[in-house]
Amino acid sequence: MEFSEHIRTANVEDVELRQPLQPAGRGTLCITGHHLLFSVRGDGGGRQLLLLLRSVDAVEKRTSGSSGTITIKCKDLRVLQLDIPGMEQCLNIAHSIETLSCLDRVSDMFPFFYRPVDLRLQGCWGLSSPEGHFSQAQELHQKWRLSSVNKDYLVCPSYPPALIVPACIDDKTLRKLAKFRQGGRFPVLCYYHRKNGMAIVRSSQPLMGANRKCCTEDEQLLEAVIEGSDKGYIIDTRSSQQAQQARMTGGGFESKSCYGRWKRLHRQMERGKALQESLIKLVEACGDESHNMDRWLSKLENSKWLSHVQTALSTAGLLAECVERDGHSVLVHGSEGTDCSLLISTLAQLIMDPRCRTLEGFLTLLEREWVQAGHPFQQRCAHSAYSHARVQQESPVFLLLLDCVWQLWRQFPLALGFSEALLLRLASEVYASDYGTFLCNSDQERCLLGVKEKTYCLFQALLRDRDLYSNPLYEPTELAIWPSVHPQSLQLWRGFFLRWTPQVRQLEEAQEEIRHMVMECARLALSVRDTAARPSENSS
């Protein structure tokens, strides 16, 4: 593709830029195939703005006489304003930004062109693989096995090639039962609890239909999951009514007559359009400049965003309780099994497993439960809260996850090995990134486009900047961390939703200063300890 086709005016002089937390500046504006570059004129410090065009959510233009104003609303909730001399130049710039920010072909996006001088495209892409995860988890090998039934993505297009399944279920059986689950997403292991041997498996809904079809192979697999136990739980992220209605369109739920040892629990979680509209209302409330507290609180409540946070955390808590406290295995699914199922399984693992709470452990968890497990990032994150486009398949499920993790981080400030800065970085990167990690909707699509060969991995880059994203107060604990989900315990994630306000920026600066002080104290303590140890070494 020739990006120049969409750039009618490449640069404009004497443009004024207004952006949050910065003084207005006048200078030169440049448009390239992937970036908007603004350089302040006569600024000895070389103040610049480099904006990835993919991060633009909406463009609004207004002309007046011979000049015009472009308002750029970004997916990270930043709002920029450009005052451009010349009406034609203004319209041309607005057209270029609108077109280049919505490229359809994944291979035209910036991660395929990003080439930092200090990195090379070689070696292992990512932090883990199903094969590596299985080989390291020796405790799995007696009851579970690694299946390559999906090696050509023919059984399930949204699953990775290798999957962990009960050892007694062969690949022929897997092929049969995959046809009984929506999109072929048959039950696979996503977590094994070392303390008691219980498991979390996830899938999509069974295709029972109005005729209440059964599948012997599916029943056999789920019986194998709870072998040696009296029962298992199914957490369905739909209401009982929604699950019943799904039967009319070919879906459904596990009936008691076929799955007698499984107890079904319904916990309705919003997804899709309802969740996207909730985000839009929340961002609108956060942008309210009326300074009327009652009005602002009313808008915040009407958005229902914190209700979604509460539901996600309480459902994840229920899942963790079934495994950790009750000692039973759990199957998690909704309809497609690519959104809310991943959300609550991730949160439950954070609650129970200290290995998932380290910086590397958390990023590995995200890679395993979201990237490899087939969350459709390209569809869900096509737009954020400002877009004027009609909502199609967009849904901020991953952003909801990050908000829930932030609530955990705030309630247990010593238990998580990463900082809020990591969550904020991920919240921006999932919508627009230099890296290929969040491209496409599945492992199959990434394979077809050569994402792992032609782009860099975000998670590996974050680990190279470990000091920026580590929690200096981190104190590992083997205990589960049970979140409080009372309304008074949950707060608006100000660091994200109000991040471009002076008050939050001052709070960030204070937190960064505290982080530096803690790290310096740790360094001094280590130095004193080393100094104290030297005399004893010399005397010996």
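Now for a look at the structure at hand. Note that the structure is predicted; figures quoted are calculated from it, not measured.

How each quantity is defined
Residues numbered from 1 in each chain as written. Predicted model: local features only at pLDDT ≥ 70, side-chain atom pairs only at ≥ 80, totals over all residues. Heavy atoms only, no water. Phe/Tyr/Trp six-rings, centres within 6.5 Å; stacked < 30°, edge-to-face > 60°. Helix = DSSP H or I, 4+ residues; strand = E, 2+ residues; numbered from the N terminus. Buried < 20%, exposed > 50% of the residue type's maximum accessible area, 1.4 Å probe, protein only. Lys NZ or Arg CZ within 6 Å of the ring centre and 35° of its normal. Axes fitted to C-alpha atoms, helices over the stretch in contact; angles between N-to-C directions. Parallel < 35°, antiparallel > 145°, perpendicular 65-115°, else oblique. Left-handed = near helix turned anticlockwise from the far one by under 90°. Contact = heavy atoms within 4.5 Å. Nonpolar A, V, L, I, M, F, W, Y, C, P; charged D, E, K, R; others polar.

With respect to the packing of aromatic side chains
For the structure on display, the rule yields 15 aromatic pairs. Both rings, one in Phe362 and one in Phe418, keep their centres 4.3 Å apart while their planes meet at 20°; by these two values the pair is stacked. Taken as a pair, Phe362 in helix H10 (residues 359-371) and Phe418 in the loop between helix H12 (397-411) and helix H13 (420-429) lie far apart in primary sequence, 56 residues in all. For the pair Phe362 and Phe418, a shared accessibility class is recorded, and that class is buried. Their ring planes at 20° and their centres at 6.3 Å tell us that Trp406 and Trp493 sit as a pair that is stacked. With Trp406 in helix H12 and Trp493 in the loop between helix H17 (466-469) and helix H18 (494-497), this residue pair connects regions lying 87 residues apart in the sequence. Taking relative accessible area as the criterion, Trp406 reaches 7% and is therefore assigned buried. Judged by relative accessible area, which is 0%, Trp493 ranks as buried. Three or more aromatic residues joined by ring pairs form one cluster here, namely Trp305, Trp406, Trp493, Phe496 and Phe497. The residue whose ring lies beneath Arg325 is Trp482, and the NZ or CZ to ring-centre distance is 4.1 Å.

Things to note about the packing of helix H6 (residues 272-286) against helix H7 (residues 293-303)
It is at 8 Å that the axes of H6 and H7 come closest, and there the two elements cross at 170°. Taken as axis vectors, H6 and H7 run roughly antiparallel relative to one another. As H6 packs across H7, the resulting crossing turns out to be left-handed. Counted together, Ser278, Lys281, Leu282, Glu284, Ala285 and Cys286 of H6 and Trp296, Lys299, Leu300, Asn302 and Ser303 of H7 form the full contact between these two elements. Class assignment of the residues belonging to the contact of H6 with H7 gives a composition of five nonpolar, three polar and three charged.

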